[in-house]
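Residue-level structure breakdown
These are the residues of each chain, in order.
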Amino acid sequence: MQILGMLKSDPETDANPPPFDPVLMARMGDFVEEAAKAGVLVATNGLHPSAAGKRIKLDRGKVTITDGPFTESKELVSSFALFEVTSMDEAVHWTTRFLEILGKGECELRPVFETSDFPDDLLAPEEVTQEKATRQQMALNAAKR
């Protein structure tokens, strides 16, 4: 099962990120290497502050684009990790270890939809084939980066 972990931050922290801490970065690097070698880490990255982002909204046929920062938010996502685990408990274990390295923080974990979550008759056989081909292309795209 795949689980997406999102590290939350408040808008004030997002707008004023602390300077990079080489010791913390090294500890995080060690953790990422350990989780990758354990076979549970699929992807992870930190996100730039919301000031560098945009929100795109479509409502009743009208597109609205809002430039960051998004101070009206109660909380923002500041990084993410995608885990391939056998259970939510395993994802909790790895996320807890990550937060212990940070020394504080809050993460949200959410399962990713998998093919088995949908009814068997949802997609026609040719759509299943196309879905598999698209996922293979996405994996190739990720490998190029």
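Scroll up to find the structure this text is about.
Residues numbered from 1 in each chain as written. Predicted model: local features only at pLDDT ≥ 70, side-chain atom pairs only at ≥ 80, totals over all residues. Heavy atoms only, no water.

**Some remarks on helix H3 (residues 88-102)**
Over its 15 residues, H3 extends 21 Å from the first C-alpha to the last, a length consistent with the 21 Å expected when each residue adds 1.5 Å. Of the surrounding elements, those touching the buried residues of H3 are strand E1 (2-9), helix H2 (22-37), strand E5 (76-84) and strand E6 (106-111). Positive backbone phi, approximately 90°, marks glycine 103, located one or two places after H3. (Helix = DSSP H or I, 4+ residues; strand = E, 2+ residues; numbered from the N terminus. Expected span 1.5 Å × (residues − 1). Contact = heavy atoms within 4.5 Å.)

**Thoughts on the nonpolar core**
A general tendency of soluble globular proteins is for nonpolar side chains to be buried together. Within the largest apolar cluster, 14 residues are counted, with the highest numbers of intra-cluster contacts made by Val40, Phe83, Val85 and Trp94. With five residues, the single largest contributor to this core is H3. Apart from residues lying up to four places away in sequence, phenylalanine 83 is in contact with Met1, Gln2, Ile3, Val40, Leu41, Val42, Trp94 and Thr95. (Core = buried A, V, L, I, M, F, W, Y, C linked by side-chain atoms within 4.5 Å. Buried < 20%, exposed > 50% of the residue type's maximum accessible area, 1.4 Å probe, protein only.)

**With respect to the side chain of threonine 95**
Summarising the element assignment, threonine 95 is placed in helix H3. We classify threonine 95 as buried; its relative accessible area is 8%. When sequence neighbours within four positions are dropped, the list of residues in contact with threonine 95 reads Phe83, Cys107 and Leu109.

**Quick word on the layout of surface pockets**
Here the largest pocket defines a volume of roughly 1300 Å³. Taken together, 39 residues make up the lining of the largest pocket; nearest its centre are Leu7, Met28, Ser78, Ser79 and Leu102. Breaking the lining of the largest pocket down by element, the ones donating at least two residues are E1, helix H1 (11-15), H2, strand E2 (41-46), E5, H3 and E6. The dominant element in the lining of the largest pocket, judged by the number of residues it contributes, is H2, at six residues. For the second largest pocket, the calculated volume is near 490 Å³. If you go around the second largest pocket, you meet 16 residues; those closest to its centre are Glu114, Thr115, Phe118, Glu131 and Arg135. Top contributing element to the lining of the second largest pocket by residue count: helix H4 (residues 125-144), with four residues. (1 Å grid on protein atoms, 1.4 Å probe; cavity = no way out; pocket = protein on both sides within 12 Å on 5 of 7 lines; lining within 4 Å. Points joined across faces, edges and corners; volume = space filled by probe spheres on them.)

**Section: the sheet that holds E5**
Pairing within the open sheet is antiparallel, and its four strands lie in the order E2-E5-E1-E6. In this open sheet, the two edge strands, each paired with only one partner strand, are E2 and E6. Sheet twist, expressed as the average angle between the axes of neighbouring strands with direction ignored, equals 20°. Pairing of E2 with E5, which is carried by five bridges, proceeds in the antiparallel orientation. Bridging across to E5, alanine 43 finds its partner in leucine 82. Sitting on the sheet, H3 is in contact with E1, E5 and E6, with an inclination near 160° to E6. (Pairing = 2+ DSSP bridges. Axes fitted to C-alpha atoms, helices over the stretch in contact; angles between N-to-C directions.)

**Considerations on H4**
Counted at 1.5 Å a residue, the expected span for H4 with its 20 residues is 28 Å, and the 29 Å between its end C-alpha atoms agrees. Burial of H4 is sparse: only zero of the 20 residues sit out of reach of the surface.

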